[in-house]
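# Per-entry structural report
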Amino acid sequence: MTVATLDTRTPMPHKSERGFFSLMAPGARRAFFYLFVIGVGFIIAFPVLWLVLTSLRPASGMFYVHRGTEFTLDNFFEVFENRIVIKAYINSAIIATLATVLSLGITVTSGYMLSRFRGPIASGWFSIIYVFRCVPYISWVLPLYILTQNLGVYDTYLGLLLPHIAVHICFFSWLMKGFFDGIDPSMEYAALIDGCTRWGAFVRVALPSAVPGLAALAVLCWLWTWNEFLFALLLTSHQTPVLTVVMAQFVHELGIEWNLMSATAVMALGPALLITFFGQKYVITGLKI
Amino acid sequence: MAEVVLNQLVKSYGGMAAVRSIDLTIPDGAFAVLVGPSGCGKSTTLRMIAGLEEISGGTISIGGRVVNDLPPKDRDIAMVFQNYALYQHMTVYDNLAFGLRNRKESEARIAEKIAHAASILSIEPLMQRRPKQLSGGQQQRVALGRCIVRHPQVFLFDEPLSNLDAKLRAQMRIELKRLRERVPATSVYVTHDQVEAMTLGDIVVIMKDGLIQQVGTPLQVYNDPANLFVAGFIGAPAMNVFKGKLDAAGEKVMVEGVALSVGERNRAALRGHAGREVMVGIRPEHIALGSHGNQLEGSVDVIEQLGSEMHLDLKMGNAAFTVARVAPDAPIRLHEKVTVSIPAERLHFFDADSQQAIRPASLSGALAA
Ligand SMILES: Nc1ncnc2c1ncn2[C@@H]1O[C@H](COP(=O)(O)OP(=O)(O)OP(=O)(O)O)[C@@H](O)[C@H]1O
Ligand SMILES: [Mg+2]
């Protein structure tokens with residue numbers, strides 16, 4: 001029939017086929033794409049590569065990283081023998097994990113409230129975390145320093161944990177709100193009718209659907225605290241050394257021990273990479289919702 | 001089963017009223033369909049009955065018990081949602097069992113009830129699947145099953161068929177009718193599709209702007225629409241409406257310069273409106289080609305061939321109207337002049353200002369009672 005052939009005769013040009021790229025052959029287009037990806041990848045990977053290289057060079061070869069052929073693991077051994085570094089490593093892991101675990105519950109419920117509830121309590125809470133987000137991060141530090149001193153929690157786990165939990169809640173509640181916005185609330189309505197309380201509908205229906213979001217949240221919280229420097233610098237000292245701060249202490253009056261600092265940094269990279277590797281699936285699907 | 005009574009029900013969001021004042025009694029076991037255009041407050045009304053929406057004013061009672069302040073779980077209702085709202089992280093079986101487990105029924109009883117519901121809906125092979133692995137029609141059945149297993153006093157449906165394609169929708173409509181025989185319960189069904197309303201409802205409730213326009217059986221709302229809105233909303237193709245003027249005796253009405261007899265049935269009611277402007281309605285399917293009784297002449301503007309019948313759009317001066325049920329092989333050409341006959345007894349009259357129907361006394365009396 002003629003009707004069937006009508007639309008095949010004049011195919012509409014596909015949107016992406018117009019413009020500059022349409023002038024290239026498909027092969028050239030693909031080559032261009034790969035070149036671009038490799039270029040961007042290189043820009044991102046280069047500092048990391050340099051860091052790893054530096055960590056493998058002897059102290060004498062620091063400023064000729066690109067030239068020498070002499071490689072060594074001595075930097076790592078030296079760092080491992082440093083009690084402070086090991087202690088800081090463990091402290092950082094414990095604090096990142098504890099802060100994540102402790103903040104997760106509040107962040108999730110707070111995100112859920114922001115997503116589902118209207119009214120004075122929800123909008124009040126919204127304003128509070130909004131204000132905290134608007135304040136420059138650095139301006140929290142001095143009050144926190146004085147506060148932790150006065151409360152006697154300066155340079156303890158608690159003294160660093162509490163501010164971190166607060167930051168997690170303020171910064172990641174939004175993320176969680178986004179996840180819940182993407183989950184159809186009628187599932188919870190069905191649960192209410194099926195005999196659940198409001199809390200029950202949240203825990204038994206909304207929460208299981210938010211698992212990818214929760215996993216993404218946990219990864220982001222953990223990495224945040226693991227990498228955080230400013231709070232750690234001002235709220236901790238010799239009692240509770242933290243990795244990022246210890247790393248910075250290779251800069252001292254006698255110069256900068258680039259090789260040791262690099263080795264520590266590479267060690268710090270390990271868990272972060274591991275977490276990212278296992279968590280990225282969730283982070284990606286979580287952020288897609 | 002239980003009677004559902006809405007008494008001066010009001011819902012406002014901030015200053016805006018979504019439901020303005022609804023009085024409605026749905027008898028025990030009846031299937032009531034709320035129908036109306038988008039945004040008229042159907043879903044809001046339903047959600048208030050379910051307890052998912054707070055009530056701004058009035059009362060709702062189910063089975064003689066005022067439920068205004070009861071949470072949804074204590075109202076003994078079940079609801080089917082437009083997007084099915086199945087629990088995505090559970091199997092079909094667990095979806096069906098969820099409500100029963102909440103009521104602490106034994107697993108054996110639950111299995112029995114689910115088997116029964118599954119056989120009614122023919123969803124037995126799907127029990128171990130997850131909602132994402134089901135087609136729209138299958139999800140719909142599971143959602144129905146989740147309601148059936150609980151044996152609630154009242155079923156609530158919010159546009160359950162609107163996400164299905166036309167064919168499946170027609171099929172599910174028939175299944176819903178069958179289901180009613182096997183699982184009788186008072187039901188409130190929301191739709192904007194007047195075909196669903198007519199075919200499913202014992203009672204059709206037509207709403208607009210948060211108010212009920214008319215309540216009646218499907219035939220009542222079709223035969224005697226209470227106002228112009230209902231007249232235009234119920235029936236497809238929609239009722240033709242003309243501006244007209246009654247003569248001094250109230251026995252003839254002038255439409256586009258043609259005098260039509262108003263018919264025996266309407267004469268008494270129209271007497272009070274003699275000499276005034278009125279709106280005259282006639283359904284496309286009640287107009288016939290030919291020249292007996294009241295006649296109008298128009299030129300054919302559009303021909304719609306449906307196979308089983310033809311629809312003609314005719315132009316007559318400034319007015320236009322549709323004629324349905326024309327024989328599909330009738331020798332009619334575009335732009336040709338045709339004469340149609342309008343049975344006087346089928347005419348509907350509406351007040352030009354209030355848009356309310358001017359109905360024979362016997363009828364308005366019967367409806368008010
Ligand atoms: N949460 C809300 N806040 C403010 N206004 C609302 C809210 N929910 C509904 N409304 C308004 O109330 C009115 C009725 O909404 P409702 O959902 O009951 O319409 P409906 O008849 O179900 O329409 P549809 O056929 O589109 O589903 C609409 O005008 C809508 O904009
Ligand atoms: Mg609706």
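Quick caveat, the model's predicted, so the values are computed rather than measured. (Residues numbered from 1 in each chain as written. Chains lettered and ligands numbered in written order. Predicted model: local features only at pLDDT ≥ 70, side-chain atom pairs only at ≥ 80, totals over all residues. Heavy atoms only, no water.)

### Some words on the domain arrangement of chain B
Residues and elements named next belong to chain B. What the domain assignment reports for chain B is domain 1 (4-229) and domain 2 (238-368). Computed from C-alpha coordinates alone, the two centres of domain 1 and domain 2 are separated by 37 Å. The junction of domain 1 with domain 2 conceals about 1000 Å² of combined surface from both sides, 53% of it contributed by carbon and sulfur atoms. The largest per-residue losses of area from domain 1 upon contact with domain 2 belong to Tyr222, Asp224 and Leu228, which jointly make up 57% of the total buried on that side. On the surface where domain 1 and domain 2 come into contact, there are 1 salt bridge. Asp224 is the partner of Arg265 in a salt bridge, and the nearest nitrogen-oxygen pair spans 4.0 Å. Applying the counting criterion to the domain 1 and domain 2 interface returns 5 residue pairs in polar contact (both at pLDDT 80 or more). (Domains from an automatic or database assignment. Buried area = accessible area lost by both parts, 1.4 Å probe. Salt bridge = Lys/Arg side-chain N within 4 Å of Asp/Glu carboxyl O. Polar contact = N/O pair within 3.5 Å; in protein donor to acceptor, adjacent residues only side chain to side chain.)

### Examining the confidence of the model for chain B
All names here are of chain B. Chain-level statistics for chain B give a pLDDT mean of 91 and a share of 97% at 70 or above. A low-confidence stretch, residues 365-369 stays under pLDDT 50, and its non-local contacts, those more than four residues away or across chains, total 3 contacts. Our summary of model confidence lists the complex with pTM equal to 0.82 and ipTM equal to 0.86. (pLDDT = per-residue confidence, 0-100. Contact = heavy atoms within 4.5 Å.)

### Concerning unusual backbone geometry
All names here are of chain B. Here Ala236 and Pro237 are connected by a cis peptide whose omega angle stands at -5°. Mapped onto the elements of the fold, Pro237 is located in the loop between helix H8 (228-233) and strand E11 (240-246). Here Asp209, not a glycine, exhibits a phi torsion of approximately 50°, which is positive. Counting through the fold element by element, Asp209 comes out in the loop between strand E9 (203-208) and strand E10 (211-216). Here the phi dihedral of Glu256 falls at roughly 50°; this positive angle occurs in a residue that is not glycine. (Helix = DSSP H or I, 4+ residues; strand = E, 2+ residues; numbered from the N terminus.)

### Some details on the interface of chain B and chain A
With 21 residues of chain B in contact, the opposing surface of chain A contributes 16 residues. Both faces considered, chain B and chain A share a buried interface measuring about 1600 Å² in area, 62% of it formed by carbon and sulfur atoms. Along the contact surface separating chain B from chain A lie 1 salt bridge. Note that Arg150(B) and Asp194(A) form a salt bridge whose closest N and O atoms lie 3.0 Å from each other. Connecting chain B to chain A are 11 residue pairs in polar contact (both at pLDDT 80 or more). Among the elements of the structure, helix H1 (42-50), strand E6 (77-80) and helix H2 (92-102) of chain B are those that each provide at least two residues to the side of chain B that touches chain A. For the side of chain B that touches chain A, a count of residues per class yields 12 nonpolar, 5 polar and 4 charged. (Nonpolar A, V, L, I, M, F, W, Y, C, P; charged D, E, K, R; others polar.)

### Description of the site of ligand 1
All names here are of chain B. Every residue close to ligand 1 is listed here: Tyr13, Met16, Ala18, Ser38, Gly39, Cys40, Gly41, Lys42, Ser43, Thr44 and Glu159. Within the side chain of Tyr13, a nitrogen or oxygen atom sits 3.3 Å from a nitrogen atom of ligand 1. Residue Gly39 places a main-chain N or O atom 2.8 Å away from an oxygen atom belonging to ligand 1. Contact with the protein chains covers 59% of the free accessible surface of ligand 1, which is 630 Å². Contributing elements (two or more residues each) for the shell around ligand 1: strand E2 (16-26) and H1. (Near = heavy atom within 4 Å. Areas by Shrake-Rupley, 256 points an atom, 1.4 Å probe, with all protein chains shown as cover.)

### Observations concerning the state of the cysteines
The final tally for this structure, using the stated rule, is 0 disulfides over all chains. No disulfide involves Cys196(A); its sulfur sits 15 Å from that of Cys147(B), the nearest cysteine. Looking at Cys196(A), the relative accessible area reads 5%, which means it is buried. By relative accessible area, which is 3% here, Cys147(B) ends up buried. (Disulfide = S-S within 2.5 Å. Buried < 20%, exposed > 50% of the residue type's maximum accessible area, 1.4 Å probe, protein only.)

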